[in-house]
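# Observations on the three-dimensional arrangement
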Amino acid sequence: MDLQNLEIFISIARMGSINKTAHAHFLAQSTVTHRLKQLEKELEMTLFTRTTSGVTLTEEGRAFLPVASSMMEQYQQFIQQNHQTRPLRIVAGKAFVSTQLPRLLGGYRQVDPSFTCYLRSTLFEESVHSLLAGTADLAFLGNELYHPNIKTTYLPDDPILLVCSPAHPWATNYPGWTEWDKQSFIAFGNPTAPYRQRVDRYLAENGVFPTIIMELDSFSAVKQMVLQNLGIALLPSRFVQQEKLQGTLVTIDISQATFTRPTLLAYPAEKANDLRLASFIDWVIQHYDH
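Thresholds, definitions, all that
- Residues numbered from 1 in each chain as written.
- Predicted model: local features only at pLDDT ≥ 70, side-chain atom pairs only at ≥ 80, totals over all residues.
- Heavy atoms only, no water.
- Helix = DSSP H or I, 4+ residues; strand = E, 2+ residues; numbered from the N terminus.
- Buried < 20%, exposed > 50% of the residue type's maximum accessible area, 1.4 Å probe, protein only.
- Contact = heavy atoms within 4.5 Å.
- Areas by Shrake-Rupley, 256 points an atom, 1.4 Å probe, with all protein chains shown as cover.
- Lys, Arg positive; Asp, Glu negative; His and termini not counted.
- Charge placed at Lys NZ, Arg CZ, Asp CG, Glu CD.
- Phe/Tyr/Trp six-rings, centres within 6.5 Å; stacked < 30°, edge-to-face > 60°.
- Salt bridge = Lys/Arg side-chain N within 4 Å of Asp/Glu carboxyl O.

### Overview of the overall build of the protein chain
What the protein chain contains, in helices and strands, is 11 helices and 11 strands. Along the first, second and third principal axes, the C-alpha atoms of the protein chain reach 90 × 40 × 25 Å. Out of the 290 residues belonging to the protein chain, those deemed buried represent 44%. Sequence separation of 24 or more characterises 72% of the internal contacts of the protein chain that already satisfy a separation of 6 or more. For the protein chain, the exposed area adds up to about 15700 Å²; of that, 52% sits on carbon and sulfur atoms. Charged side chains in the protein chain number 24 positive and 27 negative. The centres of these two groups are separated by 3 Å.

This is the structure in structure tokens:
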């Protein structure tokens, strides 16, 4: 039995009018009439009698109304329960997975013990594709995104800092842009990666074209190389907080907090009214590490 036909029948019964039902559901009156006839044909009964002011239920229609209402109510309860129990599908880059997400997911689980998720580590392009393909409900992104079918919510930007070993000369005396060409630079990603492009563009704007000795696919790998004093790097501040506190890395804000990495929560536009997703997003916004 077509649930849309049931919904139309219940709406006509409550409003007493096919025309009002069509208006309420943004449908043509002929469409509403067609759906009603489909249901009556399937049930082999007449559900309404036309009157000068609209329609009234027949005796058979009055008997069927509570049955139809119960079927719709049970269907809606099933959908709601399924949405509540289905894992939230999240995609995120390695940096988010290894820093912010464990704390956020663990904290939200304490608030909502029924919360479950399926988390997958992805690159930026794969994250966007997953949202558009319907295989992900939410993405943590480190680059701007503009797409008509994707909604975004911005979290606080992450300053990008110059990072070096305490044994490096710049740890105590940063000389400015003039000395960059003499340093070994450890880069994150290949030249097509959004973060790499952001860094390359910023350096070029300041007349710097560094000597790149390594191109690595994770912030963690870049950080490990800098810890061994093999070169300098530009990394998001949240990713080196622990090492800075421990004194194993030195960070230098060479831009006075003007060179930053955006942080976005992105989700399919069709999920804008998903209460389960909205609840998680609101919690993340409140508890994200500023």
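### Some points on the environment of F140
Mapped onto the secondary structure, F140 falls in strand β5 (residues 138-141). Owing to a relative accessible area of 1%, F140 belongs among the buried residues under this scheme. For F140 and K271, which are 131 residues apart along the polypeptide, the C-alpha to C-alpha distance reads 16 Å. Non-local contacts of F140, meaning those with residues more than four positions away in its chain, are made with I90, V91, A92, G93, F96, L101, L104, L264, L265 and V284.

### With respect to the side chain of T251
The topology assignment puts T251 in strand β10 (residues 250-252). When neighbours within four sequence positions are excluded, T251 is seen to be in contact with L161, L162, V163, V240 and K244.

### Focus: the packing of aromatic side chains
For the structure on display, the rule yields 17 aromatic pairs. Both rings, one in F96 and one in F140, keep their centres 6.0 Å apart while their planes meet at 50 degrees; by these two values the pair is tilted. Here F96 is found in helix α5 (residues 94-98), whereas its partner F140 is found in strand β5, with 44 residues between them in sequence. There is no split in this pair, since F96 and F140 are both buried. With a centroid separation of 5.7 Å and 70 degrees between ring planes, the pair formed by Y108 and W283 is classed as edge-to-face. Of this pair, Y108 sits in helix α6 (residues 100-111) while W283 is found in helix α11 (residues 275-287), placing the two residues 175 residues apart along the sequence. The pair Y108 / W283 is uniform in exposure class, with both members buried.

### Observations regarding the pattern of salt bridges
For the structure shown, the criterion picks out 10 salt bridges. A salt bridge links R238 to D158; its shortest N-O distance comes to 3.6 Å. Remark: D158 occurs in strand β6 (residues 150-164) and R238 occurs in the loop between β9 (233-236) and α10 (241-246); sequence separation between them is 80 residues. D158 sits in the buried class, given a relative accessible area of 4%. Among the salt bridges present, the one from D200 reaches R196, with a minimum N-O distance of 3.1 Å. Pair noted here: D200 and R196 are both in helix α8 (residues 194-205), with a separation of four residues, about one helical turn. Residues joined in a network through salt bridges with shared partners are R89, D137 and K271.

### Regarding unusual backbone geometry
Of note, the phi angle at E44 is positive, near 60 degrees, even though the residue is not glycine. Here E44 shows up in the loop between α3 (29-43) and β1 (48-51). Using a relative accessible area of 71% as the deciding quantity, one classes E44 as exposed. Located in the positive-phi region is Q256, a residue other than glycine, with phi close to 60 degrees. Structurally, Q256 is set in the loop between β10 and β11 (260-268). Given a relative accessible area of 65%, Q256 falls into the exposed group.

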